[in-house]
Structures are given as structure tokens and as C-alpha cells.
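Geometric and topological summary
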Amino acid sequence: MLEGSFAIFLPGKEAAPRKVWRHPWRRSYHKRRKAQWEVDDDYCELVKEVHPYNEGRRLLDIMDMSVLDFFMGNMDRHHYETFKMFGNNSAPLHLDHGRGFGKAFHDEVSILAPVYQCCVIRHSTLASLLRYHRGPHHLSEAMRASLSLDPVNPVLWEPHLVALDRRLNIILQIMRECVEKAQDPLHVVVNDFH
């Protein structure tokens with residue numbers, strides 16, 4: 001067996017123009033200089049004042065993106081894209097997961113910095129996480145069943161599937177701590193359906 005990486009192609013930028021955004025919690029990739037979010041516990045307050053994170057769905061989208069990245073162990077999220085035609089209502093495109101599912105036995109909690117610094121998550125995201133935590137099917141089981149239908153099965157190494165359940169518990173613990181320290185839990189678990 002060989003380890004591989006696969007890509008999917010989106011419509012060309014002529015047909016579906018996209019805007020590239022720098023991720024606010026990107027890493028510095030510098031040996032001696034840390035990114036601001038790594039040294040400033042109140043960094044999220046700065047992000048919340050800047051467009052497009054100061055209104056609309058984008059801040060919550062960043063939380064969802066960090067949850068996905070944490071499940072994959074992807075520390076390399078430096079940019080994301082949106083479709084220009086939808087403006088600030090565009091869901092972000094999560095591109096370039098080439099560094100995902102690398103270290104099955106290490107949980108890089110700093111990937112969740114947006115979540116634990118902002119202490120906010122969509123109600124629907126938390127509800128999905130809790131469903132996979134409580135069962136009847138755990139996230140690893142659901143992923144295993146889904147991937148078993150893929151022609152290149154096995155897509156993931158078994159330790160990566162086991163890591164999904166372990167990482168789910170870490171996310172839920174962080175959210176539990178956020179709710180406990182919040183003055184109003186409705187500012188932590190946000191219902192963004194309008």
C-alpha cells in the first residue's frame with residue numbers, strides 16, 4: 001500500500017470568481033517570532049472588530065473550520081477562499097488539506113485557538129458533536145462506514161479514526177470550560193439560524 005493525497009477541482013475562477021482571505025489564526029512560520037494569537041490571550045477581541053468577522057457568519061465559520069482542522073490535525077491553515085458572488089454570505093472554501101491526517105497520536109490543541117480564545121460555537125455544530133459523542137454511533141464508526149464505500153478504501157489508517165473520537169472529547173471539554181466561565185452561555189453556543 002502507498003500513502004496518497006487526492007485533489008478535487010472547483011469551477012475555474014472565470015466561472016466562479018473567488019476571494020482569498022488570510023486566516024486570522026495563521027501560523028507565523030518563523031523560528032523566533034510567534035503569531036499574535038500565540039502570545040495574546042485576548043486576540044479574538046481584536047479579530048471581532050475587523051471586517052468580515054465583525055458581522056454575519058464569518059467568525060462562526062472560522063470556528064467550524066478550526067474544528068475540522070483539529071479533527072484532521074491540520075496545522076497549515078493560512079488562507080481560505082469565498083465565492084465573490086455571495087459576498088460576506090459565502091461559506092468559506094476549506095482548501096488544501098495536504099497536511100491533514102498526518103500525526104494520529106498527537107493532538108495539536110493550538111489548532112483550536114479560535115474556539116478557545118473566542119469561546120463561541122454554532123449551536124448546530126455543537127449538536128452534531130454531541131450526537132457523535134453520545135452515540136449510538138461514534139464519529140470514528142460513522143467515518144469508517146462512510147469511507148468503506150470509497151473505491152480506494154481504506155482511506156484512513158485506523159489510528160486516525162480512533163483519533164477522531166479522542167479529539168471530539170477534547171473539543172467538548174473546551175466548550176464545557178467556555179460555558180462554565182461565561183456570564184451568559186447563549187454567547188458561547190450561538191443559534192445563528194435566522
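What comes next is a walk through the structure. On a predicted model such as this, the values are computed, not experimentally measured, just so you know. (Residues numbered from 1 in each chain as written. Predicted model: local features only at pLDDT ≥ 70, side-chain atom pairs only at ≥ 80, totals over all residues. Heavy atoms only, no water.)

1. Considering empty space enclosed by the protein
Inspection of the entire model under this criterion finds one cavity of 30 Å³ or more. Lining the largest cavity, in full, are His23, Trp25, Arg27, Trp37, Ser66, Asp69, Asn74, Met75, Arg77, Ser110, Ile111 and Pro114. (1 Å grid on protein atoms, 1.4 Å probe; cavity = no way out; pocket = protein on both sides within 12 Å on 5 of 7 lines; lining within 4 Å. Points joined across faces, edges and corners; volume = space filled by probe spheres on them.)

2. Focus on the state of the cysteines
One pass over the full model with this rule turns up two disulfides. Put simply, Cys44 and Cys118 are joined by a disulfide, and their sulfur atoms are 1.9 Å apart. Taking the sign of the S-S torsion, about 105° here, the bridge from Cys44 to Cys118 comes out right-handed. With Cys44 in helix H2 (residues 43–47) and Cys118 in helix H4 (residues 113–118), this residue pair connects regions lying 74 residues apart in the sequence. A relative accessible area of 9% places Cys118 in the buried class. What pairs with Cys119 in a disulfide is Cys178, and their sulfur atoms sit 2.0 Å apart. (Disulfide = S-S within 2.5 Å. Helix = DSSP H or I, 4+ residues; strand = E, 2+ residues; numbered from the N terminus. Buried < 20%, exposed > 50% of the residue type's maximum accessible area, 1.4 Å probe, protein only.)

3. A closer look at the nonpolar core
Core analysis: the largest hydrophobic core is formed by 40 residues, its most contacted members being Trp25, Val67, Phe71 and Leu129. Elements with a contribution of two residues or more to this core: H2, helix H3 (58–72), H4, helix H5 (123–134), helix H6 (139–147) and helix H7 (158–181). For Leu129, the contacting residues outside a window of four places in its chain are Val67, Phe71, Ile121, Leu168, Ile171 and Leu172. (Core = buried A, V, L, I, M, F, W, Y, C linked by side-chain atoms within 4.5 Å. Contact = heavy atoms within 4.5 Å.)

4. Some thoughts on the environment of Ser128
The topology assignment puts Ser128 in helix H5. The class for Ser128 is partly exposed, based on a relative accessible area of 26%. Separated by 83 residues in sequence, Ser128 and Glu45 place their C-alpha atoms 27 Å apart.

5. Digging into the side chain of Ser140
For Ser140, the location among the structural elements is in helix H6. Judged by its relative accessible area of 5%, Ser140 is buried. At 2.4 Å, the side chain of Ser140 and the side chain of Asp165 are in polar contact. Contact partners of Ser140, with chain neighbours within four places excluded, come to Leu161 and Asp165. (Polar contact = N/O pair within 3.5 Å; in protein donor to acceptor, adjacent residues only side chain to side chain.)

6. Section: unusual backbone geometry
Across the chain, the bulk of peptide bonds are trans and the bulk of non-glycine residues have phi less than zero. Here His51 and Pro52 are connected by a cis peptide whose omega angle stands at 5°. Looking at the element boundaries, Pro52 is found in the loop between H2 and H3. Of note in this structure, Phe101 is not a glycine but carries a positive phi near 55°. Tracing the backbone through its elements, the reader meets Phe101 in the loop between strand E2 (79–83) and H4. Positioned with a positive phi, Cys119 is a non-glycine residue whose angle comes to about 50°. Among the secondary structure elements, Cys119 is positioned in the loop between H4 and strand E3 (121–122). Given a relative accessible area of 10%, Cys119 falls into the buried group.

7. Focus: H3
Over its 15 residues, H3 runs 21 Å from end to end, which matches the ideal 21 Å to within 8%, given 1.5 Å per residue. Of all 15 residues in H3, 13 are buried, a share of seventy percent or more. Gly73, located one to two residues past H3, shows a positive phi value of around 75°. (Expected span 1.5 Å × (residues − 1).)

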